[in-house]
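Commentary on secondary and tertiary structure
What follows is each chain in one-letter form.
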Amino acid sequence: MAVPSKILALAIFVLLVGNAYGKGKKLQPVVTYDSRSLIINGTRQLLFSGSIHYPRSTPEMWPEIIRKAKEGGLNVIQTYVFWNIHEPVQGQYHMKKYTEMVINLVKKEKLFADQGGPIIMAQIENEYNNVQLAYKEHGVNYVSWAANMAVSLYNGIPWVMCKQKDAPQTVRAAEDIAFAVARFFTRNGTLNNYYMYHGGTNFGRTSSSFVTTRYYDEAPLDEFGLKREPKFGHLRDLHRALRLSKKPLLWGTQNVQRISNDLEITTYEKPGTKICVAFLTNNNSRVDSTINFRGVDYYLPAKSVSILPDCKTVVFNTQTVVAQHSSRNFVVSEKAKISKWEMFTESIPTINDLEIKSESPKELYSLTKDTTDYACDLPMRPDVLPVLQVASLGHALLAFVNGEYIGFEHGSNVEKSHVFKKPIHLKPGVNHISLLGMTVGLPNSGAFMEKRFAGPRAVSLEGLMSGNLDITGNNWGHQVGVTGEKLQLYTEEGLNKVKWAPLNGTASPVTWYKAHFDAPEGTNPVAIRMTSMAKGMIWVNGKSIGRYWVSYLSPLDKPTQEEYHIPRAFLKEKDNLLVVFEETGGNPEKIEILTVNRDTICSVITEYHPPHVGTWERKNNQFRAIVDPIKASQLTCPDNKVITKVEFVSFGEPEGACGNFQPGKCDSLRLTNLLNREVLVDAAHDSCPDMAKTLAIQAACGLPKRSSA
């Protein structure tokens, strides 16, 4: 996805394998490349990289996330250097000064590969090619300037530009080093990056416009840092299969044989040796096929690639998932019960309360300067009547007349502008119309982002005896933010600055709620369920865990996100302060503190699945089986837990998915026996001999029981 240069200027690639880098010789670069691969310390490398953004998790989470990344087969971590994190006040740095600051810091800590550090490559700019044409010759000049500026600051490692067709020779485009993920390694690819490998959380107000607080939860490591199976395991198995093929991939000669429009055989082979790998590809997205390779028929599911590291043995197929599955569970905490809620409702200001004045409503981005989501606008016209219409450029707004809540309206990610139109009741004399305009993040891609606007642009009253009345230019007062933000009501120190009241049972707009809770039991990640609320912000012990918006429903008639991550690093053992600012109205008494686990694990394999890739190894140029290759389910509990119960076993046509299996029409399983938590299947009893069968197993994990001794 495109990311604005205001948000980042740099990306770095950090090598995780400690013995693959070191201090380079002064006369020879430590990191070089050619058309085949990156070369580190004179050795060609097969690199598997994953994007992990440090601001989207806490420092306490980083070691475990990196450990799991290595377990998943990664040897490189890619991360952006976030401009907005390191320059919270606009104007302290411009791009060159900011880049220079980052490079100097990295050099000082000796983190570049030729200094003995792990950083093997850096990126300047990100997908600028998507917007370059809008800037004409200035865009061309900028690309050249950015590349030359980066190289002038440090040239000890390669620099890249992502998706930049006209990148200068001093900065190679990423496509020159790594190809598209699809069939990547069959076409000379030797470096791949997963965006994202761990998405994490957009804490505070850092998410872009109409992007959820949860960031790319579908990654191999989910928002909470838990393994999303089977994606995590399937990619781990892919990496192992490719590492078994490392020598032919890096030193063999490529040969491509097209069998038909859909079928293809790609080999890498070193003549005169046994070094050989074959990729058998079926590009048809619907029809399975069989391909004959060197006298042997190989079954290929639709849209799949089989990897044969010795040009004989299938160790991995992209469509046949041997890795285990998992289901994520949100469990209401027994210990973290939320104490008595109290509330404080914002006062709706009148025109006399506001210091900022203008002829017409101010644009929200320039008014708030990214310090808040909120700004209050009031016109100065007293003699107005009955239907209020507000045309807004986004993202949302609340309307009040004489302090009474009238309604809420919002745009969408596709169309941020919207029209608010509600009937209103007025009193004789002076009437106060108050608009609380809201942004939901900054724009994240495209040209001329500085010219994106938000907020009310035209305000009128309809249905008057004299017709419609445009009050856009009637002079306005403005307030940046809401009072509770200025008083920092989300902190222990700020709580005493206002008088809190007991809940009154009414879903009130622009209302602050506070309560306390103890840290949940155990060590599993923590979340808060907000389905009883509508839209607003959440703080825990003074730290913002982000925006929530559960009243905005997807086409499935459900919120995109219901649970929000509370890092355990934010929590104390007792009396954690929970503060919620609700914009439109909700019931805080139904908010729940949860723990999160993936303790439901499953295996789903068919009769045509290959044995697990861990069955084989390559040692001393010999490809061999470590153990007798058999087709079997393998289940492993996460985080040192053990299997406490086998919940489902079926060999036939099971239906459903992990966490919700059901027996199908045919089930050949007659006997299941739990012996050392192994499931034994009586394959001799086959009630469905004419059909291909699937073995499905579901188990529950838990902490091992402590010895009573």
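Preceding this paragraph is the structure being described.
Here we summarise the structure given alongside this text. (Residues numbered from 1 in each chain as written. Predicted model: local features only at pLDDT ≥ 70, side-chain atom pairs only at ≥ 80, totals over all residues. Heavy atoms only, no water.)

Let us now look at the overall build of the protein. Within the protein, the secondary structure is distributed over 8 helices and 43 strands. Across the 709 residues that make up the protein, the buried fraction comes to 54%. Nonlocal contacts in the protein, meaning residues at least 24 apart in sequence, comprise 71% of its contacts between residues at least 6 apart. By element, 51% of the accessible surface of the protein is carried by carbon and sulfur atoms, the whole surface being about 33000 Å². (Helix = DSSP H or I, 4+ residues; strand = E, 2+ residues; numbered from the N terminus. Buried < 20%, exposed > 50% of the residue type's maximum accessible area, 1.4 Å probe, protein only. Contact = heavy atoms within 4.5 Å. Areas by Shrake-Rupley, 256 points an atom, 1.4 Å probe, with all protein chains shown as cover.)

Below, the discussion takes up the sheet that holds strand β27 (residues 456-464). An order of β25-β22-β27-β28 is seen for the 4 strands of this open sheet, with the pairing classed as antiparallel. With one partner strand each, in any of the chains shown, β25 (418-423) and β28 (467-470) form the two edges of the open sheet. Within this sheet the neighbouring strands show an average axis-to-axis angle of 20°, counted without direction. When β27 meets β28, the two strands line up antiparallel, connected through 3 bridges. Bridge pairing links Ser-460 to Asp-470 in β28. (Pairing = 2+ DSSP bridges. Axes fitted to C-alpha atoms, helices over the stretch in contact; angles between N-to-C directions.)

As a packed pair, helix α3 (residues 95-108) and helix α4 (residues 137-153) sit with axes 10 Å apart at the nearest point and diverge in direction by 25°. Here α3 is positioned roughly parallel relative to α4, judged by the angle of their axes. Considering the relative orientation of α3 and α4, their crossing is right-handed. For the pair α3 and α4, contact is made by Met-95, Lys-96, Thr-99, Glu-100, Ile-103 and Lys-107 and by Tyr-142, Trp-145, Met-149 and Leu-153, respectively. Classifying every residue of the contact of α3 with α4 gives 6 nonpolar, 1 polar and 3 charged. (Parallel < 35°, antiparallel > 145°, perpendicular 65-115°, else oblique. Left-handed = near helix turned anticlockwise from the far one by under 90°. Nonpolar A, V, L, I, M, F, W, Y, C, P; charged D, E, K, R; others polar.)

Cysteine pairs can be covalently joined through their sulfur atoms, and such a bond is termed a disulfide. The tally for this structure, following the rule as stated, stands at 3 disulfides. The disulfide partner of Cys-276 is Cys-311, and the gap between their sulfur atoms is 1.8 Å. Classification of the bridge connecting Cys-276 and Cys-311 rests on its S-S torsion, roughly -70°, and on that basis the disulfide is left-handed. On the criterion of sequence distance, the pair formed by Cys-276 in strand β13 (residues 276-282) and Cys-311 in the loop between β16 (304-308) and β17 (316-317) is long-range, its members being 35 residues apart. (Disulfide = S-S within 2.5 Å.)

In terms of burial, strand β6 (residues 76-82) is a largely internal element, 7 of the 7 residues being buried. Residues Val-76, Gln-78, Tyr-80 and Phe-82 line one face of β6 and the alternating positions Ile-77, Thr-79 and Val-81 line the opposite face, and both faces are buried. The pairing of strand β5 (residues 47-52) with β6 spans 3 bridges and is parallel. Within β6, the position partnered with Ser-51 by the bridge is Gln-78. Viewed along the sheet, the connection from β5 through helix α1 (residues 62-71) into β6 turns out right-handed. (Right-handed = clockwise from strand over helix to strand, strands pointing away.)

Let's shift gears to the packing of aromatic side chains. What the rule picks out here adds up to 27 aromatic pairs. Between Tyr-54 and Trp-62, the ring centres sit 6.4 Å apart and the planes meet at 85°, which makes this aromatic pair edge-to-face. Measuring from ring centre to ring centre gives 5.7 Å for Phe-400 and Tyr-405, while their planes differ by 50°; the resulting arrangement is tilted. Judged by relative accessible area, which is 3%, Phe-400 ranks as buried. The structure contains a cluster of three or more aromatic residues connected by ring pairs, namely Tyr-54, Trp-62, Tyr-80, Phe-82 and Tyr-195. The cationic tip of Lys-535 hangs over the ring face of Trp-549; the distance from NZ or CZ to the ring centre is 5.0 Å. Its guanidinium or amino end placed over the ring of Phe-570, Lys-543 lies 5.7 Å from that ring's centre, counting from NZ or CZ. (Phe/Tyr/Trp six-rings, centres within 6.5 Å; stacked < 30°, edge-to-face > 60°. Lys NZ or Arg CZ within 6 Å of the ring centre and 35° of its normal.)

On to the environment of Arg-214. Tracing the backbone shows Arg-214 in the loop between β10 (191-198) and α5 (231-244). For Arg-214 and Tyr-548, which are 334 residues apart along the polypeptide, the C-alpha to C-alpha distance reads 9.8 Å. Discounting chain neighbours no more than four positions away, the residues touching Arg-214 are Gly-200, Glu-223, Phe-224, Arg-328, Phe-330, Gln-561 and Glu-563.

Sheet architecture is open: 5 strands sit in the order β11-β12-β13-β16-β17, paired in antiparallel fashion. Each end of this open sheet is capped by a strand with a single partner; those strands are β11 (253-258) and β17. Alignment of β16 against β17, held across 2 bridges, turns out to be antiparallel. Bridging from a neighbouring strand, Ser-306 pairs with Asn-317 of β17.

Its place among the elements puts Thr-694 in strand β43 (residues 694-702). Not counting chain neighbours up to four residues away, the residues in contact with Thr-694 comprise Val-604, Ile-605, Thr-606, Ser-650, Phe-651, Gly-652 and Pro-654.

A few words now on α3. Since there are 3.6 residues in each turn of an α-helix, residues three or four apart along the chain are aligned in direction. The end-to-end C-alpha separation of α3 is 20 Å, in line with the 20 Å expected for 14 residues at 1.5 Å each. Those residues of α3 that sit buried are Met-95, Tyr-98, Thr-99, Val-102, Ile-103 and Val-106. Seen along its axis, α3 keeps its buried residues to an arc of 130°; they face one direction. Lys-110 occupies a position one or two residues after α3 and carries a positive phi of about 55°. (Expected span 1.5 Å × (residues − 1). Arc of directions from axis to C-beta.)

Turning our eyes to something else, we now look at unusual backbone geometry. Each neighbour pair has its own omega, and for Glu-229 with Pro-230 the value is 15°, a cis peptide bond. Residue position: Pro-230 is located in the loop between β10 and α5. Here the bond from Gly-394 into His-395 is cis, since omega is 0°, no more than 30 degrees from zero. Even without being glycine, Phe-210 reaches a positive phi, approximately 60°. Within the fold, Phe-210 resides in the loop between β10 and α5. One non-glycine residue, Asp-370, adopts positive backbone phi at about 60°. Inspection of the secondary structure puts Asp-370 in the loop between α7 (364-368) and β21 (374-379). For Asp-370, a relative accessible area of 37% puts it in the partly exposed group.

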